[in-house]
Amino acid sequence: MDIRLINGGVCAATGFNAGGIHCGIRKNKTKKDLALIYSEVPATAAAVYTTNLVKGAPLTVTKNHIADGKAQAVICNSGNANTCNANGIEIAEQMSDLVANVLNISANDVVVASTGVIGQPLDIEPIANGIPVLAKNLKADGSTDAAEAIMTTDTISKEIAVEFTVGGKVCRMGGIAKGSGMIHPNMATMLVFITTDVSISAEMLQKALSGDIQNTFNMLSIDGDTSTNDMVTVLANGKAGNAQIIAEGDDFNVFMKALNTVTVNLCRVIAGDGEGATKLLECKVSGAADLDTAKTVAKSVICSSLLKAAMFGSDANWGRVLCAIGYSGASVDVNKIDVSFISNKGEILVCQNGAGVDFSEERAKEILLQKEIVIDIKLNSGDAAATAWGCDLTYDYVKINGDYRT
């Protein structure tokens with residue numbers, strides 16, 4: 001099952017074009033704020049949405065539009081979430097209509113997304129002026145422009161693409177994402193758009209996406225706040241020419257592996273680019289009695305503010321790992337737990353059988369000063385494993401969110 005990393009992002013798959021421009025939603029004219037992704041042919045579509053009861057208007061519109069399992073374009077603005085607005089649905093529908101008119105497609109085949117400040121009116125005028133320009137600037141290498149246009153507090157654009165084989169046909173899948181803060185398990189202030197040229201039924205596409213996020217995006221946390229606007233969408237236009245995937249089997253397994261490669265990569269990039277973050281944290285739990293236990297422990301540790309602060313200070317305060325496991329609600333034998341910290345500088349055991357061991361603080365500091373840290377937890381009670389992603393908690397997180405709106 002060979003999955004190869006390639007360039008191209010959401011334009012890597014055959015038949016997809018994308019673009020991004022500054023249309024005037026954001027005051028800073030150097031920042032793009034409107035993105036468009038377009039499939040040359042209608043595609044099957046699937047999506048998952050935030051669990052927050054307060055949802056952005058674009059999510060409601062998108063859910064209605066892709067109820068038939070079809071879509072052909074994605075329009076997304078940054079700088080304004082279009083959430084808690086009296087005319088939010090109307091604005092989101094207008095965005096769809098504008099895209100449909102310039103691309104000569106059905107408005108019901110348009111996915112709509114917005115990200116930015118909550119509770120601020122969204123003026124349709126700059127979007128209406130920008131969409132025709134954006135449509136003219138669609139191109140086969142426009143993924144990076146689109147990725148930049150959906151950024152808010154992100155410091156880097158986020159994109160990936162892979163190539164693989166299904167039924168003897170070369171297939172491609174790519175994705176772009178935004179997400180830096182308001183990110184917590186069960187979706188986050190995160191938008192992810194994935195495209196593929198695989199032929200797959202809408203039912204199997206939704207099954208693949210809904211299954212994958214349980215072990216990827218739902219294991220991601222930056223700050224414990226679940227956003228109002230999260231959405232992950234996948235468009236599959238079938239241009240690769242494989243026999244359509246309509247049931248589980250070898251072809252579906254390859255598709256799932258490709259999807260997981262894309263989503264795990266985006267999880268890691270989002271976590272490493274957390275607001276104010278200096279380090280990517282990856283919590284690996286093994287030896288759990290069951291998968292739920294492994295996931296519960298991993299998420300609890302990665303969400304611990306005390307642990308995140310310790311990682312910022314490169315402090316091997318392993319007691320905070322045990323503390324987070326203890327209040328997680330998972331049923332574990334504390335006396336069997338081993339904890340190690342790992343980076344590209346090596347590995348150090350700091351806890352064995354639930355108790356501290358002698359270790360060099362200097363060596364631990366050297367390991368924890370690196371940009372990527374693995375918190376390795378062995379529960380020694382079974383065979384289940386899970387991974388969660390997050391980042392350290394820094395002074396800059398408070399600075400960024402202290403005046404985010406103003």
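Note that the coordinates shown come from a computational prediction; the quantities given were computed from them, not determined experimentally.

(A) Highlighting the nonpolar core. Among the nonpolar cores identified, the biggest contains 74 residues, and Phe164, Phe217, Val301 and Ile377 are the most heavily contacted of them. Per-element tally for this core: the top contributor is helix H6 (residues 250–272), with 10 residues. Of all hydrophobic cores here, the second largest spans 27 residues; its members include Cys11, Val74, Ala146 and Ile150.

(B) Spatial organisation of the sheet that holds strand S14 (residues 372–378). A sheet is described by the order of its strands in space; here 6 strands give the open sequence S13-S12-S11-S14-S10-S15, paired in mixed fashion. Where the open sheet ends on each side, the last strands, each with one partner, are strand S13 (355–356) and strand S15 (384–391). Sheet topology places strand S12 (residues 346–352) next to S13; 2 bridges connect them, and they run antiparallel. Note that in S13 the partner of Gln352 across the bridge is Ala355. Seen against the sheet, helix H10 (residues 361–368) touches strand S11 (338–343), S12 and S14 and runs at an angle of roughly 125° to S12.

(C) Summary view of the packing of aromatic side chains. Applying the stated criterion to the full structure yields 1 aromatic pair. Between the aromatic rings of Phe312 and Tyr395, the centroid separation amounts to 5.2 Å while the plane-to-plane angle is 85°, which identifies the pairing as edge-to-face. A residue pair is termed long-range when its members are at least 10 positions apart, and Phe312 in helix H8 (residues 305–312) and Tyr395 in helix H11 (residues 395–402) qualify at 83 residues. You can call Phe312 partly exposed: its relative accessible area is 26%. Given a relative accessible area of 64%, Tyr395 falls into the exposed group.

Here is what the cut-offs are and how they apply
Residues numbered from 1 in each chain as written. Predicted model: local features only at pLDDT ≥ 70, side-chain atom pairs only at ≥ 80, totals over all residues. Heavy atoms only, no water. Core = buried A, V, L, I, M, F, W, Y, C linked by side-chain atoms within 4.5 Å. Buried < 20%, exposed > 50% of the residue type's maximum accessible area, 1.4 Å probe, protein only. Helix = DSSP H or I, 4+ residues; strand = E, 2+ residues; numbered from the N terminus. Pairing = 2+ DSSP bridges. Contact = heavy atoms within 4.5 Å. Axes fitted to C-alpha atoms, helices over the stretch in contact; angles between N-to-C directions. Phe/Tyr/Trp six-rings, centres within 6.5 Å; stacked < 30°, edge-to-face > 60°.

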